[in-house]
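# A structural walkthrough
So you can see what is in the structure, the chains are spelled out below.
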Amino acid sequence: MNLDDLISCLYQYEKNSSLNPVIKSVEMDSRQVKSGSLFICIDGYTVDGHDFAKRSVENGAVAILAEKPLDVDVPVVLVKDTKRAMAIISNVFYDHPTRKMSLIGVTGTNGKTTTTHLIEKILRDASITTGLIGTMYMKIADETIETKNTTPESISLQQTFRKMVDHGVQSAVMEVSSHALHLGRVRGCDFNIAVFTNLSQDHLDYHKTMEAYRNAKGLLFAQLGNTYLNKERKIAVLNIDDPASSEYEKMTAAEIVTYGIDQECDVRASNIKITSQGTSFDVNAFGKEATVQLKMIGKFSVYNALAAMAACLVDGIPIQSIINSLETVQGVSGRFEPVDGGQPFTVIVDYAHTPDSLDNVLKTVKEFASGDICVVVGCGGDRDKTKRPLMAKIASELADSVVLTSDNPRSEDPHQILKDMEVGLTEHSLNNTIVDRKQAIIHAIKNAKENDVIIIAGKGHETYQTIGNETIYFDDRLIAKEAVKELLNNEF
Ligand SMILES: CC(=O)N[C@H]1[C@@H](OP(=O)(O)OP(=O)(O)OC[C@H]2O[C@@H](n3ccc(=O)[nH]c3=O)[C@H](O)[C@@H]2O)O[C@H](CO)[C@@H](O)[C@@H]1O[C@H](C)C(=O)N[C@@H](C)C(=O)N[C@H](CCC(=O)O)C(=O)O
Ligand SMILES: Nc1ncnc2c1ncn2[C@@H]1O[C@H](COP(=O)(O)OP(=O)(O)OP(=O)(O)O)[C@@H](O)[C@H]1O
Ligand SMILES: N[C@H](CCC[C@H](N)C(=O)O)C(=O)O
Ligand SMILES: [Mg+2]
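Residues numbered from 1 in each chain as written. Chains lettered and ligands numbered in written order. Predicted model: local features only at pLDDT ≥ 70, side-chain atom pairs only at ≥ 80, totals over all residues.

- Going by what an unreviewed UniProt entry lists, the chain is known as UDP-N-acetylmuramoyl-L-alanyl-D-glutamate--2,6-diaminopimelate ligase and is assigned to Anaerobacillus alkalidiazotrophicus.
- UniProt, in its Subcellular location (unreviewed entry) section for the chain, records the words "Cytoplasm".
- According to the UniProt record, the Function (unreviewed entry) comment for the chain reads "Catalyzes the addition of meso-diaminopimelic acid to the nucleotide precursor UDP-N-acetylmuramoyl-L-alanyl-D-glutamate (UMAG) in the biosynthesis of bacterial cell-wall peptidoglycan." (UniProt positions renumbered as here; feature names shortened; annotations may be inferred.)

Here is the structure:
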């Protein structure tokens, strides 16, 4: 595609040359630029992409999209907002891939990764070729691709959608983070179904207020479109028990489908029974009654199952097929994942890194624990600091013993993060602070009694720990397994 054809979708721009090179790729990182690239300058949080324009030309860029004039020997296209333009251009460059498949977006503070995996499983079992984008990876059918962000930048996103279409993907399901919505990463994505899980405190370092955070998530519903105008179904799947849903209902022109437990809705669970082996519930879905027996544990798992069920029902999957799929799911990696080394107590690794998720997980454990509950937990550095005392308070109020430890301290002093957390501790629990996460896990396991439950929270599936500029290999599950082995061999 040549430059003039590509930029014609922008309407408002100034081009400083009549040259019209062929564009072979679109890039926002000078280090990725190849011969024939269009380089888009983004003024980021750490550096300004305009400063890499010359470097991009040295690397082969044949044109540049920028917000300010640049002294380079290739055509420069000026626009007011390169981020906005990047989303539109990527969409055009990759030929509107999301128009050629069904796209389901899932947003909310907690449960996105879990719900997207449940939806993927249901669709795959129904013989649909799927794609998935989220915190853990991007997937094109069975191929897994590493990713840095939960929701990637628009170029990477549209390129991945294109690969999906070329691979025959019929339906893609993706996590849509509040950052992505606020930074416009998903502008131009043609969502068919948008799912809301829940809203509670997180990311206030970025959004500053809960209202701004709620509104950022609302952008998914605001940009969903309208069944009649788009001539295809556009459906917002909302959690009726979360007060933010009524705001999202106002923000969208799409059809509304609701799920929940506490209030009347389209897909409603009742008669919930939680054991250490799983969770059963009755469901009334658009008037049809059925019983579901999940292997996943907790009321929050019921919400995730209902969200996935509602999305797949409106996508046309029969209810019994959905239930059969949900019933076979053991769980999602790093989410309420048991570590079993033959020990006489329970060890669970979980990705709870927000106050609400920690609260949910510990309340779930309380439903079935016959011994004491111990929680090993920390908070990430360079993230919402106001979560710290709240998470410590929840840990302290719901567990019998608490071991505060490091999560990913990143650029912050790990001791200071722990001091911020300690403010929230109460005398209700036996409290320890051990800055070294491995030692904290060993401490919890060494001190466990028969029938106790240890929850190791915050890092779930992560296989690394970032301390300062260094990222080391670190997997809570492996450390816990090793500690259990040593305990059983009396090696401590
Ligand atoms: C705040 C934020 O979202 N930052 C994102 C942003 O980084 P940034 O603004 O710092 O970028 P920058 O380093 O200043 O670079 C500016 C521009 O210069 C370019 N550059 C830079 C260096 C160079 O040599 N050449 C060059 O061209 C860069 O490619 C970029 O275009 O753009 C990067 C590239 O797309 C993202 O990876 C990065 O996410 C960082 C890693 C991040 O931590 N983001 C978090 C806050 C985030 O987005 N999280 C959400 C939610 C997570 C969840 O709840 O699940 C997510 O979706 O992941
Ligand atoms: N529906 C839910 N409500 C509250 N807590 C939940 C729910 N589902 C999962 N959790 C808790 O939140 C943790 C993270 O779950 P999950 O990874 O599915 O969420 P996420 O929204 O993808 O998180 P992230 O923002 O990091 O991508 C789980 O380990 C569990 O503790
Ligand atoms: N998507 C979340 C994940 C947090 C996971 C936790 N282990 C941490 O590193 O703080 C974030 O980037 O804020
Ligand atoms: Mg996630």
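## Some thoughts on the overall build of the chain
- Looking only at helices and strands, the chain features 17 helices and 24 strands.
- For 492 residues, the compact-globule estimate of 2.2 N^0.38 gives 23 Å, and the chain sits close to it at 24 Å.
- Considering only C-alpha atoms, the chain reaches an extent of 75 × 55 × 40 Å along its principal axes.
- In the chain, which comprises 492 residues, the proportion classed as buried is 51%. (Helix = DSSP H or I, 4+ residues; strand = E, 2+ residues; numbered from the N terminus. Rg over C-alpha atoms; globule rule 2.2 N^0.38 Å. Buried ≥ 20, exposed ≤ 12 C-beta atoms within 10 Å, placed from the backbone.)

## Things to note about the UniProt feature "modified residue: N6-carboxylysine" (unreviewed entry) in the chain
- Feature annotation in UniProt assigns "modified residue: N6-carboxylysine" (unreviewed entry) to the following positions: K217.
- Its place among the elements puts K217 in helix 8 (residues 210-222).
- In this structure, K217 is in contact with T107, G108, S178, L181 and L199, ignoring residues within four places of it in sequence. (Contact = placed C-beta atoms within 7 Å.)

## Focus on unusual backbone geometry
- Even without being glycine, F286 reaches a positive phi, approximately 50 degrees.
- Along the chain, F286 falls in the loop between strand 15 (279-285) and strand 16 (288-294).
- Exposure remark for F286: the 11 C-beta atoms within 10 Å place this residue in the exposed category.
- Despite not being glycine, D382 shows a phi value in the positive range, around 55 degrees.
- Relative to the helices and strands, D382 is located in the loop between strand 19 (373-377) and helix 14 (387-398).
- Assessed through the 13 C-beta atoms surrounding it within 10 Å, D382 is described here as partly exposed.

## With respect to the site of ligand 3
- Near ligand 3, the surroundings consist of T150, H353, G380, R383, D407, N408, G458, K459 and E462.
- For the shell around ligand 3, a count of residues per class yields no nonpolar, five polar and four charged. (Near = placed C-beta within 6 Å. Nonpolar A, V, L, I, M, F, W, Y, C, P; charged D, E, K, R; others polar.)

## A look at the domain arrangement of the chain
- The assigned domain composition of the chain is domain 1 (3-93), domain 2 (97-326) and domain 3 (337-488).
- Computed over C-alpha atoms only, the centres of domain 1 and domain 3 are separated by 45 Å. (Domains from an automatic or database assignment.)

## Remarks on the site of ligand 2
- Around ligand 2, the surrounding shell holds 22 residues, and the nearest of these are G111, K112, T113, T114 and S357.
- Every element with two or more residues in the shell around ligand 2 is listed here: helix 4 (112-125), helix 11 (299-314) and helix 13 (355-368).
- Within the shell around ligand 2, the residues separate by chemical class into five nonpolar, twelve polar and five charged.
- Each of two domains, domain 2 (97-326) and domain 3 (337-488), supplies a minimum of three residues to the shell around ligand 2.

## Remarks on the sheet that holds strand 5 (residues 76-78)
- The mixed open sheet is built from five strands, whose spatial order is 1-5-4-3-2. Of all strands in the sheet, those with a lone pairing partner are strand 1 (14-15) and strand 2 (25-27), marking the two edges.
- Bridge analysis of strand 2 against strand 3 (residues 37-40) gives three bridges, and the strand direction is parallel. Each residue of the ladder has a partner; that of E27, found in strand 3, is F39. (Pairing = 2+ DSSP bridges.)

## A closer look at the confidence of the model for the chain
- Mean pLDDT over the chain: 96, with 100% of residues reaching 70 or higher.
- Interface scoring of the predicted complex returns ipTM 0.96; its pTM is 0.95. (pLDDT = per-residue confidence, 0-100.)

## Things to note about helix 5 (residues 154-166)
- Across its 13 residues, helix 5 extends 18 Å between first and last C-alpha, which sits within 8% of the 18 Å expected from 1.5 Å per residue.
- Looking only at helix 5, the buried set comprises S154, I155, S156, L157, Q158, T160, F161, M164 and V165.
- Following helix 5 by one or two positions, G168 has its phi on the positive side, about 90 degrees. (Expected span 1.5 Å × (residues − 1).)

## A word on the environment of T107
- Tracing the backbone shows T107 in strand 6 (residues 102-107).
- As for T107 and G278, which are separated by 171 residues in sequence, their C-alpha atoms are 25 Å apart.
- Those residues in contact with T107 that sit more than four places away from it in its chain are K112, V176, F196, K217 and L220.

## Considering the sheet that holds strand 11 (residues 193-196)
- In spatial order, the strands read 9-8-7-10-6-11-12-13-14-15-16; together these eleven strands make up an open sheet with mixed pairing. Both outer strands of the open sheet, strand 9 (143-145) and strand 16, are each paired with one neighbouring strand and no more. Here the strands of the sheet are splayed against their neighbours by 15 degrees on average, with no regard to which way each runs.
- Pairing analysis gives six bridges linking strand 14 (residues 267-274) to strand 15, with the strands arranged antiparallel. Across the sheet, K273 pairs through a bridge with S280, a residue of strand 15.
- The sheet contacts of helix 10 (residues 244-251) involve strand 11, strand 12 (235-239) and strand 13 (255-260), and relative to strand 12 the element is tilted by about 165 degrees. (Axes fitted to C-alpha atoms, helices over the stretch in contact; angles between N-to-C directions.)

## What to know about the packing of helix 11 against helix 12 (residues 319-328)
- In the contact formed by helix 11 and helix 12, the axes pass within 10 Å of each other and the chain directions differ by 145 degrees. Two packed elements cross with a definite hand, and for helix 11 against helix 12 that hand is right-handed. Residues A305, A308, M309, C312 and L313 of helix 11 touch helix 12, and the partners they reach there are I319, I322 and L326.
- When its residues are assigned to classes, the contact of helix 11 with helix 12 shows eight nonpolar, no polar and no charged. (Left-handed = near helix turned anticlockwise from the far one by under 90°.)

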